[in-house]
Each structure stands twice: as structure tokens, then as C-alpha cells.
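So you can see what is in the structure, the chains are spelled out below.
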Amino acid sequence: MAIKMIIGLAANTCAGKETVSQCIEKFGFKTIVQSDFLRSVAASQRIEPSPNQLWELSNTLKRQYRTDAAVIMLNVQQAEAKGYEYIVVDGCRVPAEFEWIKEQYAYVYTIAIVADEHIRFSRMRKRNRPGDPATLAKLKEMERIQGHHIEAAIRTADFTIRNNHGLFFLYMQVACVLAVCFMMKFFKQAKTFLYNMI
């Protein structure tokens, strides 16, 4: 079955991508997680799945496939082979990934999730994932090295969701953005239909 819509998510560490993707799943979407894909590749190559190692692995795949969109390309193609029709891509990291899905598929909308630095670090401490920076200073250093690409992706997103408050406010924003996405899809389809009728 053909892919009917893709929602791409971009955010810095612990801004809330997973929570947003879980919310979007309630509308019938399937989530594919960029970092999970990289972890599966890392496991097959016996590479430690730390943030820095995953970043290096991502760069290796980009060189191998000669495109900055290598990770999303492989991930979406895998999802398409499974028959997914409505997809959320959790973890777009460079503008080229947004550009690739928009070139390949008709109905693609991109969302940036942003949150204050100290809130993100607090969430990181709670999740306690191996390899996460242990201090706010180390988080800042990691994002200084890796984050400029993600910041560029965030700036190019179609929509921005702010996740500094509770779940109610987050879910309201997600619902509103999704409503707009489906309206945009409808008007695009209607425009194509009318054009073909002329």
C-alpha cells in the first residue's frame, strides 16, 4: 500500500518527540524512530549505542549512500515495505531529511518540538538512558557539536510545538497541527482534482 501521509518530527534531546509521536499514533499513524533504526544497525555491528557513537554511525551511512538523508531514506523505505500508510518519523536531524521525504512523497508535513534547556535536562535525568550526558554542561557540549544540524532542521519545519508545560497543552497543540495537516492535504487533493477536470 502507498504511503498516504508522513509527519516528520525534529527536536533537540528530550524536547518531547516520543510523547508527540505517541499522541499522533492515536490518529492511526505508525511511528518509525530514527535512533531506534540506528541502534539496530549499531547492534548488528557491535557498536556501543551511545549518542556520540550513533552520531558517527549516522555519518558513516551518509557517506556510504552519498546523501545526508541516508537514515530517513532507509527507515521510510523499510516502513513502506511493511505496508505503513500513515507514518510519523521521530527524530529528523538535518534539513536534507525533510527535503528528501518532501521530494519523494506527496503529503509530508514537518513539526519542530522545542523546550527550554533546563526542562530537557530534567527529563533526561528521569529517563536515565545509558550514554546520556550526566550534567547540563555536558548536554550543552554535546549539542554544540551535534546540534547545529538539528537546529537547522527545526528552523525549516512547517510547524513548531512548544513543550514547556503539561501534557494537556502539548496534546492541544498536536491536535491543532494535525487538523491543519489534514486540511492542507484535502485542499491539495481538491486542487489536483479540479485541475484535472478542466
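Scope of this entry: the structure provided in the associated data block.

What counts, and at which threshold
- Residues numbered from 1 in each chain as written.
- Predicted model: local features only at pLDDT ≥ 70, side-chain atom pairs only at ≥ 80, totals over all residues.
- Heavy atoms only, no water.
- Salt bridge = Lys/Arg side-chain N within 4 Å of Asp/Glu carboxyl O.
- Helix = DSSP H or I, 4+ residues; strand = E, 2+ residues; numbered from the N terminus.
- Buried < 20%, exposed > 50% of the residue type's maximum accessible area, 1.4 Å probe, protein only.
- Pairing = 2+ DSSP bridges.
- Core = buried A, V, L, I, M, F, W, Y, C linked by side-chain atoms within 4.5 Å.

### Observations regarding the pattern of salt bridges
Link 1 in the chain: One pass over the structure, following the stated rule, counts five salt bridges.
Link 2 in the chain: One salt bridge in this structure joins aspartate 36 and arginine 39, with 3.2 Å as the shortest N-O distance. With a gap of three residues between them, aspartate 36 and arginine 39 both fall in helix 2 (residues 34-44), about one helical turn apart.

### Quick word on the pairing of strand 3 (residues 86-90)
Link 1 in the chain: By the criterion of burial, strand 3 is predominantly enclosed, with four of the five residues buried.
Link 2 in the chain: Pairing analysis gives five bridges linking strand 1 (residues 5-11) to strand 3, with the strands arranged parallel. Of the residues in strand 3, the one forming a bridge with leucine 9 is aspartate 90.
Link 3 in the chain: Here strand 2 (residues 30-33) runs beside strand 3; their pairing, made up of four bridges, is parallel.

### A few points about the nonpolar core
Link 1 in the chain: Judged by nonpolar contacts, the single largest core of 33 residues is most densely connected at Ile6, Ile72, Val76, Val89, Trp100 and Ile101.
Link 2 in the chain: Core analysis: the second largest hydrophobic core is formed by 22 residues, Val88, Tyr107, Phe159 and Ile161 among them.

So, to be careful, I would describe these as geometric facts and stop short of saying anything about function.
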